[in-house]
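Working through the structure, step by step
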Amino acid sequence: LFFFIYLKKDGQIPDVPTFLNSPMANAVNAIFRRYAYEHRLGQDGVAEIFQSIRVVTTAEESRALNDDPKPKIILAASGMATGGRVLHHLKRLLPDSKNTILFAGFQAAGTRGEALIHGKREIKIHGEMWTVRAEIRSMESLSAHADSVELSTWAAKLSPRPARVFVVYGETEAASALSETLKFQLG
């Protein structure tokens with residue numbers, strides 16, 4: 001949200017209506033707003049962001065976004081494009097070359113999101129095949145997941161140290177490397 005608002009102000013992207021359409025993101029943002037005094041944006045920065053967007057709260061509002069042909073930005077949690085409201089937006093937006101789908105964050109192997117960012121031209125959603133004509137872009141730098149250095153630093157500070165650690169998420173090679181790092185650091 002922060003980047004979109006400032007890119008609009010700077011004239012780098014068009015000033016079109018922007019919608020936040022994710023129940024999970026809405027819940028997180030309620031906390032973010034409640035504790036604005038705890039982070040750098042503060043009350044004024046948070047107010048500026050939320051004056052510039054419309055928060056979608058119902059499934060009916062979400063469906064209406066797909067029925068409206070006017071240009072807009074829809075921010076929806078992708079879940080690696082495996083479920084949720086984003087799938088309905090993808091069905092509507094993927095076939096049209098005027099659209100851009102931007103994934104902000106990591107897309108795990110074998111997911112619809114990973115297939116899209118690697119150029120797959122046809123995607124199955126809800127049992128039906130959809131042609132991909134939209135521009136697909138990815139910004140992995142915005143991933144919300146901690147990297148191996150952050151995870152191992154965090155684990156090293158745990159007190160008492162865990163007796164056992166399970167690495168259950170990530171690419172196989174990276175997960176194995178993290179497992180070895182944790183074995184070395186934590187014994």
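Since this is a predicted model, take the numbers as computed values, not measurements.

Here we take up the pattern of salt bridges. As enumerated under the stated definition, the model contains seven salt bridges in all. For Arg 63, the salt bridge identified is with Glu 60, shortest N-O distance 3.4 Å. With a gap of three residues between them, Arg 63 and Glu 60 both fall in helix α4 (residues 59-67), about one helical turn apart. The class of Arg 63 is partly exposed, set by a relative accessible area of 47%. Of the charged contacts, one joins Glu 135 and Arg 137 as a salt bridge, the two residues approaching to 3.0 Å between their closest N and O atoms. Since its relative accessible area comes to 38%, Glu 135 is described here as partly exposed. Residue Arg 137 is classed as partly exposed on the basis of its relative accessible area, which comes to 48%.

Our next topic: the sheet that holds strand β3 (residues 73-75). Strand order in this open sheet of three strands is β2-β1-β3, and the pairing throughout is parallel. Of all the strands in the sheet, just β2 (54-55) and β3 have a single pairing partner and so form its edges. By the bridge criterion, two bridges tie strand β1 (residues 18-20) to β2 in an arrangement that is parallel. Counterpart to Leu 20 in the pairing with β2 is Val 55.

A separate point is the packing of aromatic side chains. A full pass over the atoms with the stated rule returns three aromatic pairs. For the pair Phe 2 and Phe 3, a centre-to-centre distance of 5.7 Å together with 70 degrees between the ring planes defines the contact as edge-to-face. In this structure Phe 2 comes out as partly exposed when scored by relative accessible area, which is 37%. Residue classification places Phe 3 among the partly exposed residues on the basis of a relative accessible area of 48%. Centroid distance Phe 2 to Tyr 6: 4.8 Å. Interplanar angle 45 degrees. Geometry classified as tilted. Of this pair, Phe 2 and Tyr 6 both sit in helix α1 (residues 2-9), four residues apart, roughly one helical turn. Ring-pair connections join several aromatic residues into one group, and the members of that group are Phe 2, Phe 3 and Tyr 6. The side chain of Arg 33 reaches across the aromatic face of Phe 50, ending 4.1 Å from its centre.

The subject of this paragraph is helix α3 (residues 42-51). Of all the positions in α3, only Gly 42, Gly 45, Val 46, Ile 49 and Phe 50 are classed as buried. Buried residues along α3 cover an arc of 125 degrees about the axis, so they all sit on one side. Set apart from the buried face of α3 by more than 90 degrees, the exposed residues are Asp 44 and Gln 51. Buried positions along α3 lie against α1, α2 (23-34) and β2.

Reading the values: the criteria
Residues numbered from 1 in each chain as written. Predicted model: local features only at pLDDT ≥ 70, side-chain atom pairs only at ≥ 80, totals over all residues. Heavy atoms only, no water. Salt bridge = Lys/Arg side-chain N within 4 Å of Asp/Glu carboxyl O. Helix = DSSP H or I, 4+ residues; strand = E, 2+ residues; numbered from the N terminus. Buried < 20%, exposed > 50% of the residue type's maximum accessible area, 1.4 Å probe, protein only. Pairing = 2+ DSSP bridges. Phe/Tyr/Trp six-rings, centres within 6.5 Å; stacked < 30°, edge-to-face > 60°. Lys NZ or Arg CZ within 6 Å of the ring centre and 35° of its normal. Arc of directions from axis to C-beta. Contact = heavy atoms within 4.5 Å.

As far as function goes, none of this settles anything; it's purely spatial.
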